[in-house]
Amino acid sequence: MTREPDILCIGSVLWDVIGRSASAMRQGSDVPGRITRLPGGVAMNIAMTLVRFGLTPALLTAVGRDGEGDELIAACTARGMITDTVYRSDDLPTDVYMAVEGANGLIAAIADAHSLEAAGAKILAPLSDGRLATPQAPFGGLVALDGNLTLTLLSEIARSPLLAQADLRVAPASPGKAERLTPFVQAGRGTLYVNLEEAGLLCQTDFDNSRDAAAGLLKRGAARVLVTDGGSDATEGRRDGLLTQTPPQVLVTRVTGAGDTFMAAHIAADAGGAPPEDALNKALLAAATYVSGETAL
Ligand SMILES: Nc1ncnc2c1ncn2[C@@H]1O[C@H](COP(=O)(O)OP(=O)(O)OP(=O)(O)O)[C@@H](O)[C@H]1O
Ligand SMILES: O=c1[nH]cc([C@@H]2O[C@H](CO)[C@@H](O)[C@H]2O)c(=O)[nH]1
């Protein structure tokens, strides 16, 4: 390891292929527009945002030994991330996410994270082979983990002695994969960062507000949760109580990425020793500034 990471980002690092059109779209639309390719995947998005907050992340993911993989690793390195912890596969292709956005918002998206899923526990090798830690001296620092891993691997991580000392911060990959975080609720492990919808999916119910959702997750066994709800109140839930704050009112120009910004800002403030009120306040402020379009992605 050439540099020491401040945090490990475990999960999906892939290429986002996004088609955008100024037209309103529906099923079967065939319209002119722009198609771009940029680094994505939840772990990558969190890592990019952590870099903005001054942290150095190391990536634990699977990337193919193909041209797309080489370019992706170069893009991560250029952003200051540690990549010698990435599992490079000879036979698995680099994963891709594809989305179509019209004037009326996201039309549809497909996340092809099959290589990450197929690689399984191989991506965790640096936690036991001495690159980051060994079974005798397990990793005890910060870890941001995303819900793109299989339920089997996430269940193993929630109970693994290799991460038992780590400060785990867990984010779902999409509402469709929210239930994959159940092992962390059941094992009472880590800090979960979820929005209101994802909290409801994890508790198999609908919540009216973040405070009820945080209380519901704690009741099911979660150790610590942060529940956001767009422009409405966000709540931190811990076993010793609930803390609710209202986000600043801003004019919204973009929303995708708000959750990652909230999470990264909260981790940075929390890890820097800020008291809970300050950490939540800083995260809400950073996310509000982000959605109002005042910061670069
Ligand atoms: N309309 C808004 N006004 C002010 N702040 C907002 C607004 N929407 C989002 N935010 C900020 O972003 C945080 C996260 O938003 P949200 O609950 O929508 O997360 P998310 O659904 O995970 O986001 P993403 O779109 O990235 O998936 C909120 O707690 C808030 O701080
Ligand atoms: O299942 C998934 N859906 C979406 C993402 C990522 O989230 C972003 C879109 O919300 C985008 O970067 C995509 O790669 C993912 O990693 N897995």
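Not measured: the values here are computed from a predicted model. For every chain, the first residue of its written sequence is number 1, and the numbers climb from 1 along that sequence. Whichever chain is written first becomes A and whichever ligand is written first becomes 1, with later ones labelled in order. This being a predicted model, a pLDDT of at least 70 is required before a residue's local features are given, and a value of 80 or more before pairs of side-chain atoms are given or counted; all residues contribute to the totals for chains, interfaces and linings. Calculated side-chain values reflect all of the structure's heavy atoms, with hydrogen atoms and water omitted.

1. Digging into the UniProt feature "domain: Carbohydrate kinase PfkB" (unreviewed entry) in the protein chain
Logical step 1: UniProt positions are given in the numbering used here, feature names are shortened, and annotations may be inferred rather than shown by experiment. Look at the UniProt record and you will see "domain: Carbohydrate kinase PfkB" (unreviewed entry) annotated at residues 6–292.
Logical step 2: Runs of H or I in DSSP of at least four residues are treated as helices and runs of E of at least two as strands, each being numbered from the N terminus. As annotated, residues 6–292 comprises 32% helix and 26% strand, and the C-alpha atoms at either end are separated by 28 Å.

2. Notes on helix α6 (residues 196–203)
Logical step 1: Exposure classes here rest on a 1.4 Å probe applied to the protein chains alone. A residue is buried below 20% of its type maximum, exposed above 50%, and partly exposed in between. With six of its eight residues buried, α6 lies for the most part within the structure.
Logical step 2: Within the sequence span of α6, burial applies to L196, E198, A199, G200, L202 and C203.
Logical step 3: Check the buried side of α6 and you find it contacts α5 (182–186), β11 (191–195), α7 (210–219) and β12 (224–229).
Logical step 4: Under this definition, polar contacts are N or O atom pairs within 3.5 Å; protein pairs additionally need one hydrogen-donor-capable and one acceptor-capable atom, and for neighbouring residues in sequence, both atoms have to be side-chain atoms. By the N-cap criterion, in which a side-chain oxygen at the helix start approaches the backbone nitrogen of a residue two or three places on, α6 is capped by N195, the distance to E197 being 3.2 Å.
Logical step 5: Downstream of α6 by one or two residues, Q204 has phi in the positive range, about 50 degrees. We call two residues contacting when some pair of their heavy atoms lies within 4.5 Å.

3. Structural notes on the packing of helix α1 (residues 42–52) against helix α8 (residues 258–271)
Logical step 1: With their axes 9 Å apart at the nearest point, α1 and α8 run at an angle of 50 degrees to one another. As summarised for this structure, α1 and α8 are arranged oblique, according to the angle between their axes. α8 is crossed by α1, and the crossing has right-handed handedness. Of the residues in α8, those touching α1 at N45, I46, T49, L50 and R52 are D260, T261, M263, A264 and I267.
Logical step 2: Of the residues assigned to the contact of α1 with α8, the class counts are five nonpolar, three polar and two charged. In this description, a line fitted to the C-alpha atoms serves as the axis of each element, helices being fitted only across the stretch in contact, and the angle between N-to-C directions of two axes falls anywhere from 0 to 180 degrees. Angle categories: roughly parallel below 35 degrees, roughly antiparallel above 145, roughly perpendicular from 65 to 115, and oblique for all the rest. Should the near helix be turned counterclockwise from the far one by less than a right angle, the crossing is left-handed, whereas a clockwise turn marks it as right-handed. All residues other than Ala, Val, Leu, Ile, Met, Phe, Trp, Tyr, Cys, Pro, Asp, Glu, Lys and Arg, Gly among them, are scored as polar; the first ten of these are nonpolar and the last four charged.

4. Describing the site of ligand 2
Logical step 1: A single heavy atom is enough: if one lies within 4 Å of a molecule or strand, its residue is considered near that molecule or strand. Around ligand 2 there are 13 residues in total, and D16, G41, N45, N148 and K177 lie nearest to it.
Logical step 2: Interatomic distance of 2.9 Å between a backbone N/O atom of G41 and an oxygen atom of ligand 2.
Logical step 3: One of the side-chain N or O atoms of N45 is found 2.8 Å from an oxygen atom in ligand 2.
Logical step 4: For every accessible area listed, the method is Shrake-Rupley and the probe measures 1.4 Å; residues are considered covered only by the protein chains on display. Burial of ligand 2 by the surrounding chains reaches 82%, relative to a free accessible area of 390 Å².
Logical step 5: Counting only elements with at least two residues in the shell around ligand 2, the list comes to β2 (14–20) and α1.
Logical step 6: Here the residues of the shell around ligand 2 sort into five nonpolar, six polar and two charged.
Logical step 7: Counting the residues that make up the shell around ligand 2, at least three belong to each of domain 1 (1–138) and domain 2 (150–297). Domains are outlined according to an automatic or database domain assignment.

5. Looking at the pattern of salt bridges
Logical step 1: The salt bridge criterion pairs a side-chain nitrogen of Lys or Arg with a carboxyl oxygen of Asp or Glu, the two atoms within 4 Å. Going through the model one piece at a time under the given rule, you end up with eleven salt bridges.
Logical step 2: Between R180 and E117 there is a salt bridge, with its nearest N and O atoms 3.3 Å apart. One end of the pair, R180, is in the loop between β10 (167–171) and α5; the other, E117, is in helix α3 (residues 114–119), and 63 residues separate them in sequence.
Logical step 3: A salt bridge links D270 to R224, with the shortest nitrogen-to-oxygen separation between them at 3.1 Å. Here R224 lies in strand β12 and D270 lies in helix α8, a separation of 46 residues in the sequence.

6. Thoughts on the site of ligand 1
Logical step 1: With respect to spatial proximity, 16 residues lie near ligand 1, and among them N195, T228, G230, G257 and G259 are the closest.
Logical step 2: A distance of 3.0 Å separates an oxygen atom of ligand 1 from a polar backbone atom of G257.
Logical step 3: At 3.0 Å from an oxygen atom of ligand 1 is found a main-chain nitrogen or oxygen belonging to A258.
Logical step 4: For ligand 1, the accessible surface in isolation is 630 Å², of which the surrounding protein chains cover 80%.
Logical step 5: Mapped onto the shell around ligand 1, the elements with two or more residues apiece are β12, α8 and α9 (276–291).
Logical step 6: Sort the elements by how many residues they give to the shell around ligand 1 and α9 lands first, with three residues.

7. Focus: the layout of surface pockets
Logical step 1: Buried and open spaces are told apart on a 1 Å grid over the protein atoms alone, a cavity being a set of points where a 1.4 Å probe fits but cannot get out and a pocket being an open set with protein on both sides within 12 Å along at least five of seven lines. Residues with an atom within 4 Å of a point are the lining residues. Grid points are joined across faces, edges and corners, and a volume is the space filled by probe spheres set on the points. Counted as a void, the second largest pocket has a volume near 210 Å³.
Logical step 2: As for the second largest pocket, its lining consists of 17 residues, of which G19, R20, V31, I35 and V100 are closest to the centre.
Logical step 3: Every element with two or more residues in the lining of the second largest pocket is listed here: β2, β3 (34–40) and β7 (96–102).
Logical step 4: Class assignment of the residues belonging to the lining of the second largest pocket gives a composition of nine nonpolar, four polar and four charged.

8. Considering the sheet that holds strand β4 (residues 57–60)
Logical step 1: A strand pair is defined by DSSP finding two or more bridges across the two strands. Sheet architecture is open: eight strands sit in the order β4-β1-β9-β10-β11-β12-β13-β14, paired in mixed fashion. Bordering the open sheet on either side are β4 and β14 (241–245), each of which pairs with just one other strand. The sheet shows a mean angle of 20 degrees between the axes of neighbouring strands, direction not considered.
Logical step 2: Of the pairings in the sheet, the one linking strand β9 (residues 142–146) to β10 comprises five bridges and is parallel in character. Within β10, the position partnered with L145 by the bridge is V170.

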